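In case you want the letters, here they are:
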Amino acid sequence: MDFALSDRAAVFRADVKAFLAEQVTDEVIGAMHESGTFNDRGLNGALADAGLLAGAVPGYGDRDPVELYILFNELEKAGAPYDGLAVTMLVAGVVHSVGTDFHRTEVLEKLITGRHNCCLGYSEPDHGSDVAAITTRAVRDGDGWVIDGRKMWTTMAHESDWVLLLTRTDPDVPKHQGLTMFLVHMDTPGIEVQPVATMATERTNATFFDAVRVGDQWRLGEVNGGWSVMGVALALERGVMGGTNPAVPLLRHVRAWAETAPSPDGGTMIDDPLLRERLARTAIANQVGQLLTLRAAWVAATGGLPGVEGSMAKIFASEAYQQVVGWFQQMAGAEGLLGFGADGAAGNGWIDYDARHAPVTTIYGGTTEINRNNIAERHLGLPRTR
Ligand SMILES: Cc1cc2nc3c(=O)[nH]c(=O)nc-3n(C[C@H](O)[C@H](O)[C@H](O)COP(=O)(O)OP(=O)(O)OC[C@H]3O[C@@H](n4cnc5c(N)ncnc54)[C@H](O)[C@@H]3O)c2cc1C
């Protein structure tokens, strides 16, 4: 593969960088951490108005997945609230790939304005890794369906217009063959959203579905064909849509801290040989994470689904992130435990935040163990685990 960006992609990166430098202010970042909602419709809408968003939908328009990667890579490096946008663009990509004209008009065209959101309703209280075993039921009722069940970790449900909802439509066949996907409007009667706080400040939700009625036109893909829709969604989620460069802003914050923080040996921490070595190791890990993600984007750009490549990028980046933030929190001592706004907080509270955020990155979007299984089975050809 060729790692060099095309001229057009390089221009796109410059445009995105310039846009973010102006729009992602301290206020935007502060609001995201105060609210726990990593989504900013003002920013998303402005990205759309600047012509930078429609190209972010995988397969849609004339931009390719490398440009999609560039957009999320730059959002991540800027520390911008992008989780809601990433999920929304991922769903837009799924709609584009498997949806009908009705879905494109009713959902896709709205999502790309940046003024609407979608969340992911896969996981349930008892089914996360083994998501094919979910029990939320959709039962045929005349021209439509009636949905009953519970979803867990429906991040952004409280901000969303639709949920991409995985349901069981046939409990009497092998689990992967009895699933159907729907797009359900969050205003539909019978849906309740309850907040769930996390230690990383990010809000997620538990979502309840009680006799929720949806028309058949809101079904995405075939009846009992939900697993193949999941395949498209998961391949897009891991790797390309951000989440593989979390230690890039951390490196910036640690470096700024080390330039003034006193070292126990005299001078400042930036002269400490161990810290310097760890900064260098972090820079290397960031570069590798970036290249692995670029490879996943390249696979998508050349017509493939980067299922294995995305798993590799996610495992590498999230494990590296956990390791490096542990180093820096240890070296910052007590100040590394102080959060945003606290006097003397190392890196203005970013080291504390990253230490609380890093654990979840090896869980959501598929745990490290599940991604390893994916690589073992699909890349190495080892026997299936289940
Ligand atoms: C903050 C947050 C946000 C999230 N957002 C969303 C969202 O928006 N939408 C959504 O649908 N889900 C979301 N999730 C859910 C996430 O995808 C699941 O938490 C994840 O898939 C793990 O499922 P689980 O929590 O049920 O753990 P379990 O599946 O019970 O796993 C527990 C442990 O067992 C290990 N394990 C399980 N099976 C195997 C196996 N076969 N081989 C080896 N090890 C195994 C796992 O790796 C893990 O370490 C979110 C989760 C969190 C924490």
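Values in this document were obtained by computation on a predicted structure and should not be read as measured data.

A. Local environment of the overall build of the protein chain. Helices and strands together make up the secondary structure of the protein chain, namely 12 helices and eight strands. Rg of the C-alpha trace for the protein chain: 21 Å, near the compact-globule value of 21 Å for 386 residues, within the 12% margin. Considered along the principal axes of its C-alpha atoms, the protein chain spans approximately 75 × 45 × 45 Å. Looking at the protein chain residue by residue over its 386 residues, the buried ones come to 55%. Across the protein chain, every contact between residues at least 6 apart in sequence was considered, and the portion connecting residues at least 24 apart equals 72%. Summed over all atoms, the accessible surface of the protein chain reaches about 16,500 Å², with 53% contributed by carbon and sulfur. Once the 31 positive and 48 negative side-chain charges of the protein chain are each reduced to a mean point, those two points are 5 Å apart.

B. Focus on a nonpolar patch on the surface. On the surface, a cluster of nonpolar side chains totalling about 240 Å² of accessible area is made up of Ile-284, Val-288 and Phe-316. Among the secondary structure elements, Ile-284 is positioned in helix H9 (residues 273-301). Classification of Ile-284 as exposed rests on a relative accessible area of 55%.

C. Up close: the packing of helix H10 (residues 307-332) against helix H11 (residues 350-361). H11 packs onto H10 with a crossing angle of 150 degrees between their chain directions and a minimal axis gap of 9 Å. As judged from the angle between their axes, H10 and H11 are roughly antiparallel. As for the relative orientation of H10 and H11, their crossing is left-handed in sense. Together, Lys-314, Ser-318, Tyr-321, Gln-322, Val-325, Phe-328, Gln-329 and Ala-332 of H10 and Ile-351, Asp-352, Asp-354, Ala-355, His-357, Ala-358, Pro-359 and Thr-361 of H11 make up the contact between the two elements.

D. Fine view of the pairing of strand E4 (residues 162-168). A large share of E4 lies buried, amounting to seven of its seven residues. Residue alternation in E4 divides its side chains into two sets, Trp-162, Leu-164, Leu-166 and Arg-168 and Val-163, Leu-165 and Thr-167, and both sets are buried. Pairing of strand E1 (residues 118-121) with E4, which is carried by four bridges, proceeds in the parallel orientation. Directly across from Leu-120, in E4, lies its bridge partner Leu-164. Pairing between E4 and strand E5 (residues 179-185): seven bridges, direction antiparallel. Each residue of the ladder has a partner; that of Trp-162, found in E5, is His-185.

E. Geometry of H10. Taking 1.5 Å as the rise per residue, H10 with 26 residues should run 38 Å; its terminal C-alpha atoms sit 38 Å apart, in good agreement. Counting buried positions along H10 yields 19 of 26 residues, so the element is predominantly enclosed. In the segment just after H10, Gly-333 is the residue with positive phi, at about 65 degrees.

The rules behind these values
- Position numbers for residues count from 1 along each chain, tracking the sequence in the order it is written.
- Residues qualify for local features only when their pLDDT is at least 70, as the model is predicted, and side-chain atom pairs are given and counted only at 80 or more; totals for whole chains, interfaces and linings, by contrast, use all residues.
- Where side-chain values are given, they derive from all heavy atoms of the structure, hydrogens and water being excluded.
- Each helix is a run of DSSP H or I of at least 4 residues and each strand a run of E of at least 2, with the numbering of both proceeding from the N terminus.
- Radius of gyration here is computed from C-alpha atoms only, and the compact-globule reference equals 2.2 Å multiplied by the residue count raised to the power 0.38.
- Think of it in three bands: with a 1.4 Å probe and only protein chains considered, a residue is buried below 20% of the maximum accessible area for its type, exposed above 50%, and partly exposed in between.
- Here, two residues are considered to be in contact whenever any of their heavy atoms come within 4.5 Å of each other.
- Methods summary: accessible areas were calculated by the Shrake-Rupley approach with a probe of 1.4 Å, and residue burial reflects only the protein chains presented.
- Charged-residue counts in this description rest on Lys and Arg as positive and Asp and Glu as negative, His and the chain ends being excluded.
- A charge is said to be at NZ when it belongs to Lys, at CZ for Arg, at CG for Asp and at CD for Glu.
- Here a patch means residues that are over 30% exposed by relative accessible area and free of salt bridges, tied together within 9 Å if like-charged and within 5 Å if nonpolar (Val, Leu, Ile, Met, Phe, Trp, Tyr).
- Salt-bridge detection follows one rule: a side-chain nitrogen of Lys or Arg within 4 Å of a carboxyl oxygen of Asp or Glu.
- The axes used here are C-alpha line fits, helices contributing only the stretch in contact, and every angle between their N-to-C directions lies in the interval 0 to 180 degrees.
- The cut-offs work like this: below 35 degrees is roughly parallel, past 145 is roughly antiparallel, 65 to 115 is roughly perpendicular, and the gaps in between are oblique.
- Two helices cross in a left-handed way if the nearer one is turned anticlockwise from the farther one by less than a right angle. They cross in a right-handed way if the turn is clockwise.
- Think of it this way: DSSP has to see at least two bridges between two strands before they count as a pair.
- Helix span is expected to be 1.5 Å times the residue number reduced by one.

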